[in-house]
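Below, each chain spelled out in residue letters.
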Amino acid sequence: MKDATLAPLYSSFDYILIGGGTSECALAATLSQNARVLVLERGGSPYDNPTASDLGNFANALFKITPNSWSQLFISEDGVYNTQHTSTCPRWRLGNDYVEEAEWVREEVEAAYEWVEKKLVFEPRVMGWQTAFKDGLLEAGVNPYNGFTYDHIYGTKIGGTIFDNAGHRHTAANLLEYANPDNIVVYLHASVQKILFTKTGRLAPKAYEVIFHDRNGVLHKVELANDTMNEVILSAGALGSPQLLMLSGVGPMAHLAAHGVKPVVIDHPMVGQGMGDNPMSTIFIPSPMPGEKSLVQAVGITKFDSYIEGGNNVTLSFDLTRRFFDGVLHVLNETSRTTSSQILTQPIVGFLKSLDGGFKDMTTVNVMVQKVAGPVSRGYLELRNMNPEDNPSVTFNYYQEPEDLNKCIEGLKTIIKVIDSKAFSKYKYPGVTARVLLNFMLGLPTNLRPRHVTSVFNLKQFCIDTVMTMWHYHGGCQVGKVVDKNYKVIGIDALRVIDGSTFLKSPGTNPQATVMMLGRYMGQKILKERAAFFKNQEEA
Ligand SMILES: Cc1cc2nc3c(=O)[nH]c(=O)nc-3n(C[C@H](O)[C@H](O)[C@H](O)COP(=O)(O)OP(=O)(O)OC[C@H]3O[C@@H](n4cnc5c(N)ncnc54)[C@H](O)[C@@H]3O)c2cc1C
């Protein structure tokens, strides 16, 4: 990995990979076995500060939104805070029914998962809180108990984790250890501005060059080496990929024209459509039992498609919490002209005042969350301006579809049963009822949406009022709409999108393992196509 300031002004490669995130690390390592690969990542290295994302620092890493941090805050038009990654930090594998729908080859999917797992997935050491949570899920009817497994099956299980037993987080960047070092260059702080296309007669436009700038603002150009099989592969994530396609002239024509994008290379109305974010509901549970820390280990996979997870003694710094909310207010201020007028800042202002009341430096929280699978509700992404580093405008339309709302209600009912279960009783204060906890959540500025007094009695309204993100947003370049089944951008040559933006729904309980698997799977497929092409050429 090198800083982009060291990049030549002109260079050429067989594959130019945009974004060094979850899918791209797997893809780059694989392609480098047989081709010359360049990775352009606008973030930094996870190795610069290796303990920052350790188990104990998890929440603080998330709340840290300074320019050099790994989280880049964005606020959806629905009034929900979210962060997109800069740099890499993945999680754990899940098998799923996606394989048939995606028309992937099952054996190759299995092999790709195993390739990922070998480098960065561990069996967690399950202690008291997670054991009580697991037993509570079983008492609440999330049966059967499936033990420790990577598989995505109904019931309660212990899943894999990317935290090793010392609490150190492993990331997709570890997959680069598989790469052929002679064939790969990774530039960090390389912010891609645009993909350029050639257009000859009636032939489809063809990607041939990528422009990026380094952190000094110096522009660099990189071309595809002159070979039929070479490609640009976009893996800038669910926000970055549709945004960069649009900025490069591939998107809904009227929208591009309205923003002055020139030239419009191809009218692609579905770019930016189908954005989904799995709604999350959260319940904090004060515990009389301090001690061991844990993040998602036991998981309840219900038949009504709500996934239930939890963690305990998650440490939170008040200073970072305050700075996070200052950041929220700043982002709202910056985007006030293009942001929905439904967004309310009052809850934050009130919350910040209450922090001034004098809290300790740190607090710890125990938490149970439910994630709505799918989701069915869908939104869209639009440009705000021509700067690829600014967040685009995103609307997820949480709970627009009643099906999503029903999953949330059932999920919350299950969490309440777990809190009330015999197994969990020693991890909550006596007399603490679900209603008290719901009321507490309603008082926190977990989003910028209006609150209703009825929400404490009405789970449907509670879901709507307190919706948060699980950070599993996806869509924008969906398969069958923007890319074909081989992840090639429809109507364009030498350009694929391979990342979470292609998903029709979020895979498994948590998507990262599948995103990494996809990078490996497609890398293998592309190399096979490449080898077959050159063999045919030799024989001809
Ligand atoms: C805070 C957070 C916590 C999460 N926790 C979990 C979890 O516990 N388990 C789980 O399974 N999933 C989790 N997820 C979801 C998971 O991380 C994503 O689904 C997955 O990372 C998506 O992978 P991707 O390859 O599509 O995009 P990303 O991994 O986001 O990769 C995109 C990369 O492209 C880069 N990029 C974007 N634009 C440009 C540009 N113009 N030029 C150069 N580079 C660019 C970005 O910096 C980024 O590194 C979490 C997500 C977040 C944000």
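Residues numbered from 1 in each chain as written. Predicted model: local features only at pLDDT ≥ 70, side-chain atom pairs only at ≥ 80, totals over all residues.

- Identification of the protein chain as Glucose-methanol-choline oxidoreductase N-terminal domain-containing protein from Brassica oleracea var. oleracea is taken from an unreviewed UniProt entry.
- In UniProt, the protein chain has this text filed under Sequence similarities (unreviewed entry): "Belongs to the GMC oxidoreductase family." (UniProt positions renumbered as here; feature names shortened; annotations may be inferred.)

Quick notes on the overall build of the protein chain
- In terms of helices and strands, the protein chain carries 13 helices and 24 strands.
- A compact globule built from 540 residues would reach a C-alpha radius of gyration of about 24 Å, and the protein chain, at 23 Å, matches this within 12%.
- For the protein chain, the spread of C-alpha atoms along the principal axes amounts to about 80 × 50 × 40 Å.
- By the burial criterion, 49% of the 540 residues in the protein chain qualify as buried. (Helix = DSSP H or I, 4+ residues; strand = E, 2+ residues; numbered from the N terminus. Rg over C-alpha atoms; globule rule 2.2 N^0.38 Å. Buried ≥ 20, exposed ≤ 12 C-beta atoms within 10 Å, placed from the backbone.)

Some details on the sheet that holds strand 13 (residues 231-234)
- Spatial strand order, 1-9-4-3-13-24: six strands in an open sheet with parallel pairing. Both outer strands of the open sheet, strand 1 (2-3) and strand 24 (495-497), are each paired with one neighbouring strand and no more.
- In this sheet, strand 13 lies alongside strand 3 (residues 15-18) in parallel orientation, the contact comprising four bridges. Counted as the bridge partner of isoleucine 18 is leucine 234 from strand 13. (Pairing = 2+ DSSP bridges.)

Some words on the UniProt feature "binding site: FAD" (unreviewed entry) in the protein chain
- The sites that UniProt annotates as "binding site: FAD" (unreviewed entry) are Thr22, Ser23, Glu41, Arg42, Val192, Trp471, His472, Gly500, Pro511 and Gln512. A maximum C-alpha distance of 25.0 Å is found for the annotated residues, which run over 491 residues; spatially they are spread out rather than grouped.
- Secondary-structure assignment places glutamate 41 in the loop between strand 4 (37-40) and helix 2 (58-63).
- As for its position among the elements, glutamine 512 is in helix 13 (residues 512-539).

Some words on the nonpolar core
- Within the largest apolar cluster, 125 residues are counted, with the highest numbers of intra-cluster contacts made by Leu17 and Val232.
- Per-element accounting of this core gives the leading share, eight residues, to helix 13.
- The residues touching valine 232, leaving out its near neighbours within four places in the chain, are Ile16, Ile18, Ile195, Ala207, Val210, Leu224, Ala494 and Leu495. (Core = buried A, V, L, I, M, F, W, Y, C linked by C-beta atoms within 7 Å. Contact = placed C-beta atoms within 7 Å.)

Brief notes about the UniProt feature "domain: Glucose-methanol-choline oxidoreductase N-terminal" (unreviewed entry) in the protein chain
- Mapped onto the present numbering, the UniProt feature "domain: Glucose-methanol-choline oxidoreductase N-terminal" (unreviewed entry) falls at residues 237-251.
- In residues 237-251, the share of helix is 73% and the share of strand is 13%. The end C-alpha atoms are 16 Å apart.

Some words on the environment of arginine 449
- Position of arginine 449 among the secondary structure elements: in the loop between helix 11 (434-442) and helix 12 (459-466).
- For arginine 449, a count of 19 C-beta atoms within 10 Å translates into the label partly exposed.
- Distance from arginine 449 to alanine 204, taken between C-alpha atoms, is 45 Å for residues 245 residues apart in sequence.

Things to note about the packing of helix 10 (residues 402-419) against helix 12
- At a closest axis distance of 9 Å, the pairing of helix 10 and helix 12 adopts a crossing angle of 105°. Here helix 12 runs roughly perpendicular to helix 10, going by the angle between their axes. On helix 12, the residues that touch Leu405, Cys408, Ile409, Leu412 and Lys413 of helix 10 are Leu459, Lys460, Phe462 and Cys463.
- Residues of the contact of helix 10 with helix 12, tallied by class, amount to seven nonpolar, no polar and two charged. (Axes fitted to C-alpha atoms, helices over the stretch in contact; angles between N-to-C directions. Parallel < 35°, antiparallel > 145°, perpendicular 65-115°, else oblique. Nonpolar A, V, L, I, M, F, W, Y, C, P; charged D, E, K, R; others polar.)

Some points on the sheet that holds strand 10 (residues 191-198)
- With mixed pairing, four strands are arranged side by side in an open sheet as 2-12-11-10. Edge positions in the sheet fall to strand 2 (10-13) and strand 10, since each has one partner strand and no second. Here the strands of the sheet are splayed against their neighbours by 25° on average, with no regard to which way each runs.
- Sheet topology places strand 2 next to strand 12 (residues 219-224); four bridges connect them, and they run parallel. Bridge pairing in strand 12 links serine 12 to glutamate 223.

What to know about the pairing of strand 11 (residues 206-213)
- Both strand 10 and strand 11 contribute to a ladder of seven bridges, which runs antiparallel. Bridge pairing links valine 192 to phenylalanine 212 in strand 11.
- In the sheet, strand 11 pairs with strand 12 via five bridges, with the strands oriented antiparallel. Bridge pairing links isoleucine 211 to lysine 221 in strand 12.
- Taken together, strand 11 and the strand that follows it, strand 12, pair antiparallel across an intervening segment of five residues, in which glycine 217 is found at a positive phi of about 80°.

Points about helix 12
- For helix 12, the set of buried residues is Leu459, Phe462, Cys463, Asp465 and Thr466.
- Packing partners of the buried residues in helix 12 comprise strand 17 (279-284), helix 10, helix 11 and strand 23 (468-469).

Quick look at the confidence of the model for the protein chain
- Looking at the protein chain, the pLDDT average stands at 90 and 92% of residues meet or exceed 70.
- Per-residue pLDDT stays below 50 along residues 87-93; that stretch engages in 44 contacts with residues further than four places along the chain or on separate chains. (pLDDT = per-residue confidence, 0-100.)

Observations regarding the environment of threonine 466
- Along the chain, the position of threonine 466 falls in helix 12.
- Taking the C-alpha atoms as reference points, threonine 466 and proline 279, 187 residues apart in sequence, are found 9.6 Å from one another.
- Not counting chain neighbours up to four residues away, the residues in contact with threonine 466 comprise Ser281, Met441, Leu442, Thr446 and Asn447.

Side note on unusual backbone geometry
- Residue proline 144 follows asparagine 143 across a cis peptide bond; omega there is -5°.
- Relative to the helices and strands, proline 144 resides in the loop between helix 5 (128-139) and strand 7 (145-148).
- A cis geometry characterises the amide bond from lysine 262 onward to proline 263, with omega recorded as -10°.
- Along the polypeptide, proline 263 turns up in the loop between helix 7 (253-258) and strand 15 (266-267).
- Despite not being glycine, histidine 189 shows a phi value in the positive range, around 55°.
- Position of histidine 189 among the secondary structure elements: in the loop between strand 9 (184-188) and strand 10.
- Residue classification places histidine 189 among the buried residues on the basis of 21 C-beta atoms within 10 Å.

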